[in-house]
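Structural description and commentary
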Amino acid sequence: METFIKLCLFLGLLPLAFAGHNYGEALSKSFLFYEAQRSGYLPHNQRVQWRGNSGLNDGKASGVDLVGGYYDAGDNVKFGLPMAFTVTMMSWSILEYGKQMAASGELGHAMDAVKWGTDYLIKAHPQPYVLYGEVGDGNTDHYCWQRPEDMTTSRAAYRVDPSHPGSDLAGETAAAMAAASIVFRRYNKAYANELLNHAYQLFEFADKYRGKYDSSITVAQKYYRSVSGYADELLWAAAWLYKATNNQFYLNYLGNNGEELGGTGWAMTEFGWDVKYAGVQTLVAKFLMQGRGGQHTSEFQRYQQKAEYFMCSCLGKGSQNVQKTPGGLIFRQRWNNMQFVTSASFLLTVYSDYLSSAGKYLKCSTGYVSPSEMLSFAKSQVDYLLGDNPRATSYMVGYGNNYPRQVHHRGSSIVSIKVDPRFVSCRGGYATWFSRKASDPNLLTGAIVGGPDAYDNFADQRDNYEQTEPATYNNAPLIGVLARLHGGPSGFSQLLPVEVPLPTPNVQPKPKTQPRVTPAHSAAPIAIQQKLTTSWVDHGQTYYRYSAIVINKSSKTIKNLNLSINKLYGPLWGLQKFGDSYTFPSWMNSLPAGKSLEFVYIHSSSPAAVSVYGYTLL
């Protein structure tokens, strides 16, 4: 019996969700944090209701639309490098564990979170060799403590171009676009192709005009300095472009440049928004295990050796091991250490599944390690984060009973603009809200804060930014691990080609082929009716054409119509996009009493969610 149990543990056949933690609940809450970090026009299905629209003029002074995207942490700046890394890691989480996310009903929210990021990144790349990498200025922003909705700080936009290169920024953004293109390939082929086109151009830009982005966007140096340089991002982008396209050019790039760019040389003990080597090495090891090495097999084996060096060091079974707190948490630095915990846990989780799928094990300097032991260690890190630690503190806000209440986050620490619309001034926010020794008025559900120090100590104080500030890139790797742990044994090979499942199964069934009218969404005096008009099959995929009618039921003329359209995965005709919403087409500016407006769209899913965001009656 003991031998049988050991065999089951090695193969990953025994469930891991036996602890007292609800990984499904933690997964759900993680996506709420991304909604709280949104910039721009918030959609009608926004669940975090204490937030409002913000940053609506971003990019305007530079003649470009940069509305949207994410605030990276507790401030109101949009930093391109960590935002792109966040999108890459959310996408990787979906590609590995989309089936588990779908089973828990969270895949739709995961894809929405990715698309909120990629929609912005597309805007930030208006020309092949131009990429905007920051909106706002950390110095002026940190001088103020204001809600995003009240910002009076600089919203200057900073870019890289051939004269001011940024290979690390462009490379990471290319990786994000390529990874996300795989996520959307089944649902919105046109959008996936658009993302890939951006990825192609950005990789070429990064490789052709080499340089560190923070030498061009110097205002980023104090906050997101590229210490590792850009070589790792070039390899990272090439790996994701190969994964997205199977184009041999990118595989050859990895094989031919591994030594020069450090992929076969750097043995790392960290992985994050700055240092990508361990991530590249893990991806290349997967290519090798899939039998794709070809002429580069020996070179890729050197990548794999470095990937396994990382795994062994995290496990404490290598020649140079990472530091751990007395309570067992990976510890690298005082400021936002949790980012390294979640990213390491993700790499350990996926690599354990790769090894299990290949029937292999990890070889460390102290001996062999089974895939199940690797996964158990990743689980121990997640359990510590969720409350199994000496302080019995959950470092995810809103999970458990004992979690941080004074988060270093402007939006959550100031009363919602919907509760008290009075303007919060730049310095007034510090005096009134930052210095309060009380719980935040708004719960930043799902946020993962910086976490404890090297001795498991933690001070829940708003001015303790090293420990109480959250960040988008803390959550991005963790969502994959949470989905994996919640789903239990994988039951399928992680080395097979990726096919992301349909989001929210059995909630929004595919429409039937005969015409039907969906329930009208009413916001008197406006009614919206949708109907399916036709369908067809192309390359095994069924596509549907929908007609939507906007009806003015009032006795007055409607102007300034603003529609919110969500769960749209294809092209639309008959409306004009305005920020993250839609308005009248260019040939009309009003809708008279009793008249209607028709628009049509095509995609391979159920009807889009159309609702009225705003209008004016004259």
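For the structure, see preceding data.
These remarks concern the structure in this document.

What the rule picks out here adds up to two disulfides. With its sulfur 1.9 Å from that of its partner, Cys 144 forms a disulfide with Cys 426. When the S-S torsion is -85 degrees, as for the bridge of Cys 144 with Cys 426, the disulfide is left-handed. Remark: Cys 426 occurs in the loop between helix H16 (410-413) and helix H17 (428-434) and Cys 144 occurs in the loop between helix H5 (138-143) and strand S3 (157-160); sequence separation between them is 282 residues. The buried category is assigned to Cys 144, whose relative accessible area is 5%. In this model Cys 312 forms its disulfide with Cys 364; the gap between the sulfur atoms is 2.0 Å. One quick way to see it: the torsion about the S-S bond of Cys 312 and Cys 364 is about -90 degrees, and its sign makes the bridge left-handed.

Bringing the sheet that holds S3 into the picture now. Spatial ordering of the open sheet is given by S1-S2-S3, a layout of three strands whose pairing is antiparallel. Edge positions in the sheet fall to strand S1 (78-79) and S3, since each of these pairs with one other strand and no more. The pairing of S1 with strand S2 (residues 131-135) spans two bridges and is antiparallel. Across the sheet, the residue bridging to Phe 79 is Glu 134, located in S2.

The next subject is helix H19 (residues 472-487). Every α-helix winds through 3.6 residues per turn, so residues three or four apart in the chain are directed the same way. The end-to-end C-alpha separation of H19 is 23 Å, in line with the 22 Å expected for 16 residues at 1.5 Å each. Along its length, H19 reaches its greatest deviation from straightness, about 30 degrees, at Leu 478. Most of H19 sits out of view: 14 of its 16 residues are buried. Looking one or two places after H19, you find Gly 488, whose phi comes out positive at around 75 degrees.

Among the nine residues of strand S11 (residues 558-566), seven are classified as buried, and the element is accordingly described as predominantly covered. Pairing between S11 and strand S15 (residues 590-591): two bridges, direction antiparallel. If you follow Lys 559 over to S15, its bridge partner there is Ser 590.

Moving on, we come to the pairing of strand S16 (residues 596-603). Most of S16 sits out of view: six of its eight residues are buried. As judged from the eight bridges shared by strand S10 (residues 541-552) and S16, these two strands associate in the antiparallel manner. Bridge pairing in S16 places Ile 549 opposite Glu 598. Bridge analysis of strand S12 (residues 572-573) against S16 gives two bridges, and the strand direction is antiparallel. Among the inter-strand pairings, Trp 573 is bridged to a residue of S16, identified as Val 600.

Here the focus is the packing of helix H7 (residues 189-208) against helix H10 (residues 231-245). If you want to describe how two helices pack, look at the angle between their axes and the distance between the axes. Interaxial distance between H7 and H10 falls to 11 Å at its minimum, and their mutual angle equals 150 degrees. Between H7 and H10, the interaxial angle falls into the category roughly antiparallel. For H7 against H10, the interelement crossing comes out left-handed. Here H7 contributes Leu 196, Ala 199, Tyr 200, Phe 203, Ala 206 and Asp 207 to the contact with H10, which in turn contributes Leu 234, Ala 237, Ala 238, Leu 241, Ala 244 and Thr 245. Of the residues in the contact of H7 with H10, the class split is 10 nonpolar, one polar and one charged.

Our next topic: the nonpolar core. Trp 92, Trp 236, Trp 240, Leu 254 and Leu 362 are the most contacted members of the largest nonpolar core, which totals 155 residues. The element best represented in this core is helix H3 (residues 80-103), accounting for 13 residues. When residues no more than four places from it in sequence are discounted, the contact partners of Leu 362 are Glu 308, Met 311, Cys 312, Leu 315, Tyr 351, Leu 355, Gly 367, Tyr 368, Val 369 and Met 374. Membership of the second largest hydrophobic core comes to 23 residues, among which are Ala 548, Leu 561, Leu 568 and Leu 575.

Residue placement: Gln 530 occurs in strand S9 (residues 526-538). Of the polar contacts made by the side chain of Gln 530, one reaches the side chain of Tyr 601; its length is 2.3 Å. Within polar-contact distance, the side chain of Gln 530 engages the backbone oxygen of Ala 608 at 3.0 Å.

Here we take up unusual backbone geometry. The backbone of Asn 246 sits at a positive phi, close to 60 degrees, despite the residue not being glycine. Along the chain, the position of Asn 246 falls in the loop between H10 and helix H11 (248-257). Residue classification places Asn 246 among the partly exposed residues on the basis of a relative accessible area of 49%. In the Ramachandran plot, Asn 560 falls in the positive-phi region, its phi being about 55 degrees despite a non-glycine side chain.

Next up on the list: the pattern of salt bridges. Counting across every chain of the model gives 24 salt bridges. We note a salt bridge from Asp 65 to Lys 123, for which the minimum N-O separation is 3.3 Å. Pair noted here: Asp 65 is in the loop between helix H2 (23-36) and S1 and Lys 123 is in helix H4 (residues 107-123), with a separation of 58 residues, a long-range link. With its nearest N and O atoms 2.8 Å apart, the salt bridge here joins Arg 332 to Glu 270. You can see Arg 332 sitting in the loop between strand S5 (330-331) and helix H14 (338-358) and its partner Glu 270 sitting in the loop between H11 and helix H12 (277-289), a full 62 residues away along the chain. Residue classification places Glu 270 among the buried positions, given a relative accessible area of 16%. Taken together, the shared-partner salt bridges connect Asp 58, Lys 78 and Arg 155 into one network.

If you walk through the whole model with that rule in mind, you get 34 aromatic pairs. Relative to Phe 205, the ring of Tyr 129 lies with its centre 5.6 Å away and its plane at 25 degrees, an arrangement referred to as stacked. Residue Tyr 129 is found in the loop between H4 and S2, and its partner Phe 205 is found in helix H7; the two are separated by 76 residues along the sequence. A relative accessible area of 1% means that Phe 205 is categorised as buried. Summarising the aromatic geometry, the rings of Trp 145 and Tyr 430 are spaced 5.7 Å apart at their centres and angled 45 degrees between planes, so their arrangement reads as tilted. Linking Trp 145 in the loop between H5 and S3 with Tyr 430 in helix H17, this pair joins segments that are 285 residues apart in sequence.

Rules and cut-offs
Once a new chain begins, its residue numbering starts again from 1 and follows that chain's sequence as written. pLDDT decides what is reported in this predicted model: residues at 70 or higher carry local features, side-chain atom pairs at 80 or more are listed and counted, and totals for whole chains, interfaces and linings draw on all residues regardless. Only hydrogens and water are set aside; all other atoms, that is, all heavy atoms of the structure, feed into the side-chain values. Only a pair of cysteine sulfur atoms within 2.5 Å qualifies as a disulfide here. We count a stretch as a helix when DSSP gives it H or I for four or more residues in a row; a strand needs E for two or more, and each element gets its number in order from the N terminus. The buried label applies to any residue whose accessible area, calculated with a 1.4 Å probe on protein chains only, is under 20% of its type's maximum; exposed applies above 50%, and partly exposed to all values in between. Strand pairing follows a simple DSSP-based rule, namely that at least 2 bridges must link the two strands. Expected helix span is given by 1.5 Å per residue-to-residue step, counting one fewer step than there are residues. Fitting axes to the seven residues that end at a residue and to the seven that start at it, the angle between those axes gives the bend at that residue. The axes used here are C-alpha line fits, helices contributing only the stretch in contact, and every angle between their N-to-C directions lies in the interval 0 to 180 degrees. Note that the term roughly parallel is reserved for angles under 35 degrees, roughly antiparallel for angles over 145, roughly perpendicular for angles of 65 to 115, and oblique for everything else. The handedness criterion is simple: a crossing whose near helix is rotated anticlockwise from the far helix by less than a right angle is left-handed, and one whose near helix is rotated clockwise is right-handed. Note on contacts: a residue pair is in contact if any heavy atoms of the two residues lie within 4.5 Å. For this classification, Asp, Glu, Lys and Arg are treated as charged, while Ala, Val, Leu, Ile, Met, Phe, Trp, Tyr, Cys and Pro are nonpolar and the rest, including Gly, are polar. Nine residue types can take part in a nonpolar core, namely buried Ala, Val, Leu, Ile, Met, Phe, Trp, Tyr and Cys, and a core is a set of them joined through side-chain atoms within 4.5 Å. Pairs of N or O atoms are called polar contacts if they sit within 3.5 Å, as long as, within protein, a hydrogen donor faces a hydrogen acceptor (for residues adjacent in sequence, only side-chain-to-side-chain pairs). Any carboxyl oxygen of Asp or Glu that lies within 4 Å of a side-chain nitrogen of Lys or Arg is treated as forming a salt bridge with it. Classification of ring pairs uses Phe, Tyr and Trp, with its six-membered ring standing for Trp, and accepts pairs whose centres are within 6.5 Å; under 30 degrees between planes counts as stacked, over 60 as edge-to-face, and the remaining range as tilted.

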